[in-house]
Amino acid sequence: MARRRYELTDGEWLVIAPLLPNKPRGVPRVDDRRVLNGILWRFRTGSPWAEIPERYGPSTTCYNRFVRWRKAGVWDRLLAEVSAAFEGEIVMIDSTCVRVHQHGATGKKGGSGDRGMGRSRGGLTSKIHALVDADGRPVALRLTGGQVHDSVEAEALLDAMPEGATLLADKGYDSNAIREAAASKNAWANIPSRSNRKQRFAFSGWLYRQRNLVERFFNRIKHFRGIATRYDKCPENYLAAVKLICARIWCAA
């Protein structure tokens, strides 16, 4: 059977397979690659879990394994492992908003928290915050409601920035706190100053041009319709899906 374009290539599978749980208990589980391709199909198309084609096995198996491995931290570890040796000389930070579909907006009664959703100019939205390297590959991710300002999550993302790096960001990140966080890691914050700032900082417009790589990263993950529009009620499931797609970007690099 021919491989479909959204399925894992042999090269990607060689990287991912050793990083998945490999000690099944009881009844042998459905082939991991087959199930993982089913999970990718779901997020590539944005379809309900129940509509996953039979060639990937039972749809309940795809959903249950995705959620079980999310709870076990498998998707977190997968992204951490494949991105461990990233080139940290230049890093970029930015965010993107995604619309929340009506199927994802309805939560359980009595639920607590905003579930990573909020009201902004785009309606009910979520916001993905990302730190990427000089090749536009994701290193750290955060999820908030769409109304949350970019700078709020910046310091948490900068924890993943290596010592002595150069940080590229737009004016939305021009704050003393962010510049101090970068300085604490001996990093240069190449961020254009806001128009109302009295103090000016060294800035390279030539270097700043590379910041378009973080925009390209967001465009890549939004090829997956289940990422471009949020259908998942559970914020942990949605962020786990983003991390799975990001791990694949690293494998294809």
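Please refer to the structure higher up on the page.
Residues numbered from 1 in each chain as written. Predicted model: local features only at pLDDT ≥ 70, side-chain atom pairs only at ≥ 80, totals over all residues. Heavy atoms only, no water.

(A) Just the overall build of the protein, in detail. When helices and strands are tallied, the protein shows eleven helices and seven strands. Its C-alpha atoms give the protein a radius of gyration of 19 Å, near enough to 18 Å, the size a compact globule of 253 residues would have. Across its three principal axes, the protein shows a C-alpha extent of roughly 65 × 40 × 30 Å. When burial is assessed residue by residue, the protein has 50% of its 253 residues classed as buried. Across the protein, every contact between residues at least 6 apart in sequence was considered, and the portion connecting residues at least 24 apart equals 61%. Carbon and sulfur atoms make up 49% of the accessible area of the protein, which amounts to about 13,000 Å² in all. Within the protein, the 26 negative side-chain charges are centred at a point lying 6 Å from the centre of the 42 positive side-chain charges. (Helix = DSSP H or I, 4+ residues; strand = E, 2+ residues; numbered from the N terminus. Rg over C-alpha atoms; globule rule 2.2 N^0.38 Å. Buried < 20%, exposed > 50% of the residue type's maximum accessible area, 1.4 Å probe, protein only. Contact = heavy atoms within 4.5 Å. Areas by Shrake-Rupley, 256 points an atom, 1.4 Å probe, with all protein chains shown as cover. Lys, Arg positive; Asp, Glu negative; His and termini not counted. Charge placed at Lys NZ, Arg CZ, Asp CG, Glu CD.)

(B) Summary view of the layout of surface pockets. The volume enclosed by the second largest pocket comes to roughly 270 Å³. Residue lining of the second largest pocket: Arg-5, Tyr-6, Glu-12, Arg-44, Arg-220, His-223, Phe-224, Ile-245, Arg-248, Ile-249 and Ala-252, and that is the complete set. Here the lining of the second largest pocket takes four residues from helix α11 (residues 235–252), the largest share from any one element. (1 Å grid on protein atoms, 1.4 Å probe; cavity = no way out; pocket = protein on both sides within 12 Å on 5 of 7 lines; lining within 4 Å. Points joined across faces, edges and corners; volume = space filled by probe spheres on them.)

(C) Representation of the packing of helix α2 (residues 32–45) against α11 in the model. In the contact formed by α2 and α11, the axes pass within 11 Å of each other and the chain directions differ by 110 degrees. Taken together, α2 and α11 sit at an angle that is classed as roughly perpendicular. The hand of the α2/α11 crossing is left-handed. Two secondary-structure elements touch here, α2 through Leu-36, Ile-39, Leu-40 and Phe-43 and α11 through Ala-241, Leu-244, Ile-245 and Arg-248. Taken together, the residues that form the contact of α2 with α11 break down as seven nonpolar, no polar and one charged. (Axes fitted to C-alpha atoms, helices over the stretch in contact; angles between N-to-C directions. Parallel < 35°, antiparallel > 145°, perpendicular 65-115°, else oblique. Left-handed = near helix turned anticlockwise from the far one by under 90°. Nonpolar A, V, L, I, M, F, W, Y, C, P; charged D, E, K, R; others polar.)

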